[in-house]
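Structure at a glance
If you want the building blocks of each chain, they are given just below.
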Amino acid sequence: MHSDNEVFGSQNMLAALEHVHDAVVLLDSSQTVIFFNRAAEKLWGYPGVTVFGRRAAEIPLFYTPEQTTESQQTTQLTVITATGEENALSATISYAGGSGNEAPCMIVVHVDQEKITQLSNFDHLTGLPKRRALHQYIDTLIAGDEHARAALFFLDLDHFKDVNDALGYAAGDQVLAEIARRLSTEFSRQAFVSHADSDSFVMVMPDCDVARATAVAQKIQALFRIPFNVADMALNVTVSTGVSLYPEHGVERDMLLKQANHASHQAKAAASGGYMFFHSEMNQVDQERLKLAAALKLAIAGNHLHLHYQPQVWLKNGELYGVEALARWTDPVLGDIPPGKFIALAEETGEIEAIGRWTLHEACRQMAEWRNNKIMVPVVSVNLSPINFYNSSLPQYIGYLLRQFRIPPDCLTIEITEGVMMDKRPETMEVICAVRELGVGLSMDDFGTGFSCLSRLAHLPMTELKIDQSFMRDLNDGSKMKAIATTVVKIGQSLQQTVVAEGVETEQQRSQLCELQCDIAQGYLYSRPLNASALAVWLMSSQPRIEVVV
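Residues numbered from 1 in each chain as written. Predicted model: local features only at pLDDT ≥ 70, side-chain atom pairs only at ≥ 80, totals over all residues. Heavy atoms only, no water.

1. Topic: helix H12 (residues 339-349)
- Among the residues making up H12, those that are buried are Phe342, Leu345 and Ala346. Looking straight down H12, one finds that the buried residues subtend no more than 105 degrees of arc, so they occupy a single side. Exposed and facing more than 90 degrees away from the buried side of H12 are Gly340 and Glu348.
- At the C-terminal side of H12, Gly350 shows a positive phi close to 85 degrees. (Buried < 20%, exposed > 50% of the residue type's maximum accessible area, 1.4 Å probe, protein only. Helix = DSSP H or I, 4+ residues; strand = E, 2+ residues; numbered from the N terminus. Arc of directions from axis to C-beta.)

So, in structure tokens, the structure goes:
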């Protein structure tokens, strides 16, 4: 009895197929890959060792062709590459010992070398050159003329993940395609425009000095001021651009790209939507960031973070409604690290989920301690990242903490962002609903600052709505901010949700919120965030009267 390998010929034949220009894949009767030649590796982007012994449909390598009674057919086969790109290519499928999808088969994808180069060098979505072609262009440009000048522009999209999370990946792809169109239309005659990564583009402009590079960077910003029409929305997308110059900032390709990338990060940190030229001090900033990331990882592992708690007060009588738990970090060497700095770093380095779980544990432990000491804190709110809700074990973990510390579920509220609310994946909705079914409260944090969807809000089991502190800056009669705050309060009331206003700092703001019949206020008017012992002192001295903290 012959094995599936032998059906296709001798080992000499397989050795010959290894070196042909066409991509050749052999599947056995169970559609498991038993041969994958070098051209196939290049076309699909998978090393052979990663596909051998796996079913083609599970990887997946292609969409299953229509069944046929012929022993051989030539058809259009939709190939799915390792990066998820789909390409319809001519292929011949030969069935051995029979026909149909249950027989061993040889798939030969007819792709000439020019076409393979095209696929490997150009992005399927945007039509722009990919990183490999970018590298080749820069190398050629630098090698061609030792007196050449050039500018590299690294375009890093700001908060692009929020677009994908809120509106879906199809909408994100539309934005990327439109960005590519705008950049190509404006610059393709004078610069090399490439799609280097999922949310970044790189432009290389020959014969470009500082003055010209400045004008180009300003033009890039102007292109992004035009809204993107996606999913029936006028979407504002900004880009932070970093610029490096050849030969001033480096004479090697990788160095120039690195410098431009560093500059884009600094532009983003300074103010999203701007541009910045590389300067030597940025290397020091990058080294400090790496040190900070390493220190943060140690702080999380060593339980060296701590929580402060900011009181939330009923506007009708000044009594305590609850507290919001806020992570703080004091490093023994670096000192106090601002929350905005280390939380953003944790999101970049993948530590944000661990911080969320630690915060949950510590807040529940502290709540149990307060209850044992007869310190009446009705509820503690914990902020969680969208990443936490992508983990299906979150409800089980929260349930475990409630049991471990013996606290009622209504003593805990989880704050989620609008990005989580707009996530349409069923798995995320299941996690949200499972958390609520525990009896834990759910609060929509910073409502109105992102991609709000009222129909989505109505279908989520939320118990609380938080007005972002940015709306507190101008609550005067007739102001747009007051009109928005009024609307948010009415939405919360109509959905029978408690409305919490953040960032309340003045008596005038408190008075305006009372007029709007807002339920809860939180801010420096009542107290700064306090550690647990300081909060206990505040509770004894401040309840139920209102106190302005200077």
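Now that the structure has been shown, the text picks up again.
2. What to know about the packing of aromatic side chains
- Enumeration over the complete set of coordinates arrives at 6 aromatic pairs.
- Between Phe224 and Phe228, the aromatic rings sit 6.1 Å apart at their centres with planes inclined by 55 degrees, giving tilted as the arrangement.
- Relative accessible area serves as the criterion here: at 7%, Phe224 is assigned to the buried category.
- Under the relative-accessibility criterion, Phe228 is labelled buried at 1%.
- Their ring planes at 85 degrees and their centres at 5.4 Å tell us that Trp314 and Tyr321 sit as a pair that is edge-to-face. (Phe/Tyr/Trp six-rings, centres within 6.5 Å; stacked < 30°, edge-to-face > 60°.)

3. Structural notes on the pattern of salt bridges
- Applying the stated criterion across every chain, the model contains 16 salt bridges.
- A salt bridge links Arg182 to Glu178; the nearest nitrogen and oxygen atoms lie 2.9 Å apart. Here the residue Arg182 and the residue Glu178 both occupy positions in helix H8 (residues 169-187), the gap between them amounting to 4 residues, near one helical turn.
- For Glu515, the salt bridge identified is with Lys482, shortest N-O distance 3.1 Å. Within this pair, whereas Glu515 is found in helix H20 (residues 507-515), its partner Lys482 is found in helix H19 (residues 480-494), the two being separated by 33 residues in sequence.
- According to the relative accessible area criterion, Glu515 is exposed, its value standing at 54%. (Salt bridge = Lys/Arg side-chain N within 4 Å of Asp/Glu carboxyl O.)

4. Considering the sheet that holds strand E7 (residues 192-197)
- Strand order in the open sheet formed by 5 strands is E7-E8-E6-E11-E12, and the pairing between neighbours is mixed. Across the chains shown, the open sheet's two edge strands, defined by having one partner strand only, are E7 and strand E12 (275-277). Recorded for the sheet is a direction-independent mean angle of 20 degrees between the axes of neighbouring strands.
- Where E7 and strand E8 (residues 200-206) come together, 4 bridges link them in antiparallel fashion. When the bridges of E8 are listed, Val193 appears paired with Met203. (Pairing = 2+ DSSP bridges. Axes fitted to C-alpha atoms, helices over the stretch in contact; angles between N-to-C directions.)

5. Remarks on the sheet that holds strand E2 (residues 33-36)
- Reading across the sheet, the 5 strands line up as E2-E1-E5-E4-E3 and stay open at both edges, with antiparallel pairing between neighbours. The sheet is open, and its two edges are formed by E2 and strand E3 (72-80), each paired on a single side. Adjacent strand axes in the sheet meet at a mean angle of 25 degrees when their direction is disregarded.
- Relative to strand E4 (residues 86-95), E3 runs antiparallel, the two sharing 9 bridges. Paired with Thr75 across the strands is Ala91, a residue of E4.

Just distances and angles here, no functional claims.
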